[in-house]
Amino acid sequence: MSRFASGVTVVTASRGAERFGLTASSFVSVSVEPSLVLVCVAKTLQAHDVIAESGAFAVNILGVHQLEV
């Protein structure tokens, strides 16, 4: 986390076979031990409900070579 100063992340979550994702720049490290991160997701997004229901999400940090993604 110390090498991620700023940038775009892709936050993903799933509900059954459905996959949801969004780009987020509001992503920060909260704690090193235990590893905790914070991402802000608008309550109006469908992904918010999926994350709240499942209690889990993944944060994908993109590199320069993934500009097209």
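Owing to the predicted nature of the structure, the values given are computational and were not obtained by experimental measurement. (Residues numbered from 1 in each chain as written. Predicted model: local features only at pLDDT ≥ 70, side-chain atom pairs only at ≥ 80, totals over all residues. Heavy atoms only, no water.)

Novice: Sorry if this is basic, but what is going on with the overall build of the protein here?
Specialist: For the protein, the helix and strand inventory stands at one helix and five strands. The N-to-C order of helical and strand elements in the protein reads β-β-β-β-α-β. Burial analysis of the protein (69 residues in total) assigns 22% to the buried set. Considering only contacts within the protein whose residues lie at least 6 apart along the sequence, 47% involve residues at least 24 apart. Accessible surface, the protein as shown: approximately 5200 Å² in total, 56% of it carbon and sulfur. (Helix = DSSP H or I, 4+ residues; strand = E, 2+ residues; numbered from the N terminus. Buried < 20%, exposed > 50% of the residue type's maximum accessible area, 1.4 Å probe, protein only. Contact = heavy atoms within 4.5 Å. Areas by Shrake-Rupley, 256 points an atom, 1.4 Å probe, with all protein chains shown as cover.)

Novice: Looking at this model, I keep getting lost on the pattern of salt bridges. Mind explaining?
Specialist: Side-chain pairs of opposite charge can arise whenever the charged atoms involved come near each other. All chains considered together, the criterion is met by two salt bridges. Here glutamate 53 ties to arginine 15 by a salt bridge, and the two come within 3.2 Å at their closest N and O atoms. Taken together, the residues glutamate 53 in helix H1 (residues 46-54) and arginine 15 in strand E1 (residues 9-15) connect sequence positions 38 residues apart. For glutamate 53, a relative accessible area of 54% translates into the label exposed. Several salt bridges share partner residues, and in doing so they unite Arg15, Glu18 and Glu53 into one network. (Salt bridge = Lys/Arg side-chain N within 4 Å of Asp/Glu carboxyl O.)

Novice: I would appreciate a short explanation of the sheet that holds strand E2 (residues 18-24) in the present structure.
Specialist: Overall, antiparallel pairing links the three strands, which are arranged E2-E1-E5 in an open sheet. Each edge of the sheet is formed by a strand with only one pairing partner; in this case those strands are E2 and strand E5 (58-61). With strand direction ignored, the average angle separating the axes of adjacent strands in the sheet is 25°. Pairing analysis gives four bridges linking E1 to E5, with the strands arranged antiparallel. What sits directly across from valine 10, in E5, is asparagine 60. Its contacts with the sheet place H1 against E1 and E2, and it is angled at close to 60° to E1. (Pairing = 2+ DSSP bridges. Axes fitted to C-alpha atoms, helices over the stretch in contact; angles between N-to-C directions.)

Novice: Any chance you could explain the nonpolar core here in plain terms?
Specialist: A general tendency of soluble globular proteins is for nonpolar side chains to be buried together. If you look at the biggest cluster of nonpolar residues, it comprises eleven residues: Val11, Ala13, Phe20, Leu22, Ala24, Phe27, Val39, Val41, Ala47, Val50 and Ile51. For this core, the secondary-structure elements that each account for two or more residues are E1, E2 and H1. (Core = buried A, V, L, I, M, F, W, Y, C linked by side-chain atoms within 4.5 Å.)

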